[in-house]
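What follows is the residue order along each chain.
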Amino acid sequence: MTALSSRRRRNTWLALVAGLVSAGAVASLVFVGAKAIANSKAGQNALEDAPQVVPFPQTPTAMLATVSDGNELTSVTVFVLAPDADGTAAGYDQRGGSVVSVPITADTEAGDELVTLRDAYSLGGEERLRVDLESVINLTIDFSAVMARDQLAGMLGVLPTIDVDLPRDVLDEEGAIVFPQGAASLTPDQLAQILTTRSTTERERLRRPNIEAVWAGVTKALGTGLQ
């Protein structure tokens, strides 16, 4: 029993010493390695030759949707304002931007299903339409509004009579011609009528050129903005 006990104590001390020596060796290797890396000249700063970061200019976006008298979606238009002017850039006019007509039949994902923007508005109103539109165009919408004919006419009322070149006849809900194809000088109320009236007899892709013609006339009349 005495021999066995002494052998166990010896083995325990040997294991302890061996563990301490191993730990000391690891610590030494870590220290030496850290010093070698810190003093090394072989590495290179990954950001040293990186291109200069240029912040993307602020470009506010807005959605203007129009609805019929029955509150059915008739058009969706996105406005993107030009970024702020660079004060050092000679001849740069910051006023302006882009006007994009988005088909109300454009599809957007809603869970496992595809839903058109027209259905999105029917299901969730302005908020649902805005969210689904962002998904379609991959842009964040900063401002949004949904307007019926009277509201839209009031907004456009600051403009004079607008010259518009209509690619197709403008039809009312029943399919009757309201404005014939060709050049026309239209009042703000008539412009609003075109944007808020949708015929059940006409495919949306055939109607959209008239919507685009209206906005083309409006932007031309605005020019560099109202004085």
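Residues numbered from 1 in each chain as written. Predicted model: local features only at pLDDT ≥ 70, side-chain atom pairs only at ≥ 80, totals over all residues. Heavy atoms only, no water.

## Re a negative patch on the surface
Stage number 1. Taken together, Asp69, Asp150, Glu173 and Glu174 make up a surface patch of like negative charges.
Stage number 2. With respect to the helices and strands, Asp150 occurs in helix H3 (residues 149-156). (Patch = residues over 30% accessible without salt bridge, like charges linked within 9 Å, V, L, I, M, F, W, Y side chains within 5 Å. Areas by Shrake-Rupley, 256 points an atom, 1.4 Å probe, with all protein chains shown as cover. Salt bridge = Lys/Arg side-chain N within 4 Å of Asp/Glu carboxyl O. Lys, Arg positive; Asp, Glu negative; His and termini not counted. Charge placed at Lys NZ, Arg CZ, Asp CG, Glu CD. Helix = DSSP H or I, 4+ residues; strand = E, 2+ residues; numbered from the N terminus.)

## Comments concerning the sheet that holds strand S3 (residues 97-102)
Stage number 1. Strands sit in the order S3-S2-S1-S6 across an open sheet of 4 strands; the sheet is mixed. Unpaired on one side and paired on the other, S3 and strand S6 (143-147) mark the two borders of the sheet. Neighbouring strand axes in the sheet, compared pairwise and without regard to direction, differ in orientation by 15° on average. (Pairing = 2+ DSSP bridges. Axes fitted to C-alpha atoms, helices over the stretch in contact; angles between N-to-C directions.)

## Comments concerning the environment of Gly217
Stage number 1. With respect to the helices, strands and loops of the structure, Gly217 is situated in helix H5 (residues 204-222).
Stage number 2. A relative accessible area of 7% means that Gly217 is categorised as buried.
Stage number 3. Sequence separation between Gly217 and Asp163 is 54 residues; the distance between their C-alpha atoms is 5.8 Å.
Stage number 4. Those residues in contact with Gly217, other than ones at most four positions away along the chain, are Ile162 and Asp163. (Buried < 20%, exposed > 50% of the residue type's maximum accessible area, 1.4 Å probe, protein only. Contact = heavy atoms within 4.5 Å.)

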